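# Commentary on secondary and tertiary structure
Given next are the chains, with one letter for each unit.
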Amino acid sequence: MSTRSFILLVLVLAALMLLPAVAVAESKSNPVGPADSMAVSIAPQTGMARFVRLTTEQAESLARQAGGKGATEMHAAAFFGEYGALFGVRNASAELTLANTQTDFLGSTHMSYTQFYHGVPVFAGVLRLHFNAQGLITATNGTFIPDIALNTVPILSAIEANGIAEAAVKCTGAVAVNTTLYVYRENLARGISGANHLAYEVEVSNGMDVREFIYVDAHNGKVIDQITGIYDVLDRKVYNQIFNPGVLVWEEGDSLPFEGSDEISDPAVITDVNRVIDYAEDTYNLVASASWGNFLSYDGDGATMHSVVDTTLIGCPNAMWNGTFTQYCVGVAGDDTVAHEWGHAYTDYTHNLIYAWQPGALNESYADIYGEVVDLINGAGLDDPGGLRSDGTCSVYTSQPPLLRVTAPDSIAGDYDASAAQFGPPIDGTLNSSVMIVDDGSGDTSSEGCNTLVNDLTGMIAFIRRGTCDFTDKVKNAQDAGAIGAVVANNEEGGDSTLTMSGEDDTITIQSLFIGYSDGNAIEAEIPNGVDVEFAMANGNVRTDDSYRWLSGEDDPGYGGAIRDMWNPTCYGDPDRVASEDYMCGTDDSGGVHTNSGVPNHAFALLADGGSFNGYDVTGIGLTKAFHIYWRAQSVYQAPASGFADHADALEQSCMDLIGTNLPSGQVIDDIDCAMLANAIEAGELRTYPEQCGYEPMFDPDPPPVCSTETERFFSEMFDADPGDWELTNEGVYYEYTPRDWSWVGAMPGDMSGGFFAKDSLTLGDCTPGSDDQSGVVYLDSPVISVSQSDKPVDKTILVFDHYVATEMDYDGGNVWISVNDGDWQMLNESDFVFNPYNGTLDADADGNTNPLAGQPAFHGTDGGVVTGSWGRSQVNLSSYVRPADAFRLRFAFGTDGCEGNDGWYLDSVEVYSCKFEPPKLRLGRSLLEPK
């Protein structure tokens, strides 16, 4: 370590000691449970344990089974034999492989096991056993995927998967650089159930600003998922750029400060070089201190911290970590930004959080925490004034977000969340006018405004739909047509969050705002009736503090001010607790990783400084103790799939581990600190599931019993092989229709084998009648089924079928019909369904919907928030259609419009049951004539 490094490390420790310290308040009950009782936390995505803490008695019993105390594989085997079933482990020796063993400064040992299925690693399947210094197991945590059942022999080669992944990324120069075969569980990061796949993880990169992990089904070649490996400060991703790392201008041992070179003479760039050098070292020292010098650099082994400054190839203003180095646009190298990017690097080499949904939000939160802790202790940048913040306030240094205020008509009047643009004049709260939809003469996409407009917008505010062209082109076209402002609405269903419109165009002189999809729909529907709006500023009535504390990005002139507030995330439209109305539920930004980071950000700030929030009082424990607890959670307990609830468990266990330990600063964590941590966790609702998002599969996974009385199954078809007696027919709408049918397939989603499939392909047709419009319907008709004959009368006849649906929402879908005694076909009504009915109606009014089933109830769309479906069982009461001695046939009809689609409708089994009638039991009473 250099002399400067040693001095800065001492300064870090000294500064940490001076920060707000602890104090005391009565603790709420600990959701994990007291240390002397066994505690089990359940993972919603698997239904099994994610965190187990043992009692001392249980730990000592395991040690006796293992033949003595100590972190040995025999001791681990004893644990999995006794408690493995809590996680879903059936055969530890076959399913788990020891990955590494580490001993920390407390003398605690941590054994990390990786899950395998028939020799194939399970993505994010990691279980960690934690031993105290006495050699007893205290806790086990992680993710284990139970009940896997799939073929582990790939049909596709790795080379074929690479080609599919590269095509999915669609970036010139981006190629597959690493390919690994996994068992991949869908929806794991989202915290809900999902199907298992044998899949290739393909890392596609251009070595600079593109790094995407594509998951390709190794059996059918479908792209299952995509997770970014680029971690931005701003909420955006930029591709299709070429990178050259440039010339080495400074390395360890060179003089400081950097004074420029032949390659760099711009004073702003020289300033950024010095900032990047200094703040990378500050981050290095922060973690070195928190780990007692045991974790050096981002990989824990002293890796060189490579950085690139003055880049213009990542969508400036921006900064990012790309898995190899950090890079910064000019004016985006403040202390919290540099530490933020290196925080992503430390995450990669510790808990390696999946960059999506809650794990991704936790990834972003940890980066923000690194950034702000470095900012608050290094004495650089805009720190003064920097006093403690008041409860619920914004900072006077916060750029107030804009609003779109609708003033007429009354039916939609109110304030709508909005984001501004990087181009054009700033929003000043003075613009108001009527709204007109743009028309560029291009037909169905004319409201995207990508071409010269054909309508006159003089004095109006233009309403534009997001589309394929740049934001600057849209707004400039509106300006050229006379508009005095522009509102751009998202065009993607579920895209209700707001985005900062990027781009540069010095000729744009009108203000513009971006609004979400649903808000855009509401406003657009009323425009024919006359809509008046104002461009307003939000939070005008929020009290403000004269302090820079907890602002992120305030030292970056490239941003023009801070971009997040950890103390009060709502000042920037981010949530401060899970149940907040600002919690982002959609799929934008990898499931809201930047927005929802506000929840754990706020919990950290509250723990460090103290305050009252959401009914909980927290007395601050200071940055030193808080960061030590968070670092231990990151480096010891958390795993790739850790969500907010896992984070809460890890924090509380880390705090208990550290009680009584002398920190490098001389401070000591005690049980009161852990009580304050528990209060901060409860205040932020880290263990609360975001019910408001409705992250539910299309089908309820828990069907009731078919009958409450005696049951007889009189028809069953499992489709293990093509039965041959099911009739296949089809009808097209236009003459160019290409006949197609349901088909029997041997493999289906979720590794289900044997069933019928109706295709809903993205490549099917072009929706142009006379060209290649593929609107049509395919039918799958059962053989004749005779109603059960029985001595006991039949109360009900119940149809049961297992199916999977993933179609184009509103346009493509299917339903079920019945023909009794060779009569006409009748559609089974929604009211006939006992369980898992049709989930909606195919939209007959949707633009260009020529599906023959349009307007009918149907199974259509996908599971919430994703583009895939899941298996479900539907039950239908046929009693209003059939009687004893009747014979009937079933028809599964699947219709599509003329183009586009998704996957289709899979049918796995069809069964019919009779529920026997049981007369009510008579209760005999005393006769009126009976003598008393």
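Located above this text is the structure these notes cover.
Fair warning: this is a prediction, and the values are worked out from it, not measured in the lab.

So, on to the environment of His130. Along the polypeptide, His130 turns up in strand β5 (residues 120-131). Beyond its immediate chain neighbours, meaning those up to four positions away, His130 contacts Thr109, His110, Leu136, Ile137, Thr138, Ala139, Thr140, Asn141, Val636 and Tyr637.

With that settled, the discussion passes to the state of the cysteines. Counted according to the given criterion, the structure contains five disulfides. One disulfide in the model links Cys394 with Cys571; its S-S distance is 1.9 Å. On the sign convention where negative means left-handed, the S-S torsion of about -105 degrees between Cys394 and Cys571 marks this disulfide as left-handed. In this pair, Cys394 sits in strand β15 (residues 394-395) while Cys571 sits in the loop between β25 (564-565) and α11 (588-592), placing the two residues 177 residues apart along the sequence.

Most of strand β42 (residues 904-916) is tucked away: 13 of the 13 residues are buried. Across six bridges, the pairing between strand β28 (residues 711-717) and β42 is antiparallel. Looking at β42, one finds that Ser716 is bridged to Glu911. In this sheet, β42 lies alongside strand β31 (residues 752-759) in antiparallel orientation, the contact comprising four bridges.

Looking now at the packing of helix α6 (residues 267-290) against helix α13 (residues 622-637). Contact pair α6 / α13: the axes reach a minimum separation of 9 Å and the direction vectors enclose 80 degrees. Compared by their axis directions, α6 and α13 come out roughly perpendicular. The segment α6 lies against α13, with Leu286, Val287, Ser289 and Ala290 engaging Phe627, His628 and Trp631. A breakdown of the residues in the contact of α6 with α13 according to their chemical character gives five nonpolar, two polar and no charged.

Turning next to the sheet that holds strand β16 (residues 402-408). Across the sheet, which stays open at both edges, the seven strands sit in the order β17-β16-β22-β18-β19-β20-β21 with mixed pairing between neighbours. The sheet terminates laterally at β17 (414-417) and β21 (511-515), the two strands that pair on one side only. Mean inter-strand twist for the sheet, computed between neighbouring axes without regard to direction, equals 35 degrees. Across the sheet, helix α9 (residues 471-480) is in contact with β19 (461-465), β20 (485-489) and β21; its angle to β19 comes to roughly 145 degrees. On the sheet, helix α10 (residues 517-526) packs against β16, β17, β18 (432-437), β19, β20 and β21 and is oriented at approximately 125 degrees with respect to β19.

The final tally for this structure, using the stated rule, is 23 salt bridges. For Asp104, the salt bridge identified is with Arg632, shortest N-O distance 2.8 Å. One end of the pair, Asp104, is in the loop between β3 (96-103) and β4 (109-117); the other, Arg632, is in helix α13, and 528 residues separate them in sequence. Neither residue differs from the other here; Asp104 and Arg632 are each classed as buried. Taking the shortest distance from any N to any O, the salt bridge between Asp565 and Arg389 comes out at 2.7 Å.

What counts, and at which threshold
- Residues numbered from 1 in each chain as written.
- Predicted model: local features only at pLDDT ≥ 70, side-chain atom pairs only at ≥ 80, totals over all residues.
- Heavy atoms only, no water.
- Helix = DSSP H or I, 4+ residues; strand = E, 2+ residues; numbered from the N terminus.
- Contact = heavy atoms within 4.5 Å.
- Disulfide = S-S within 2.5 Å.
- Buried < 20%, exposed > 50% of the residue type's maximum accessible area, 1.4 Å probe, protein only.
- Pairing = 2+ DSSP bridges.
- Axes fitted to C-alpha atoms, helices over the stretch in contact; angles between N-to-C directions.
- Parallel < 35°, antiparallel > 145°, perpendicular 65-115°, else oblique.
- Nonpolar A, V, L, I, M, F, W, Y, C, P; charged D, E, K, R; others polar.
- Salt bridge = Lys/Arg side-chain N within 4 Å of Asp/Glu carboxyl O.

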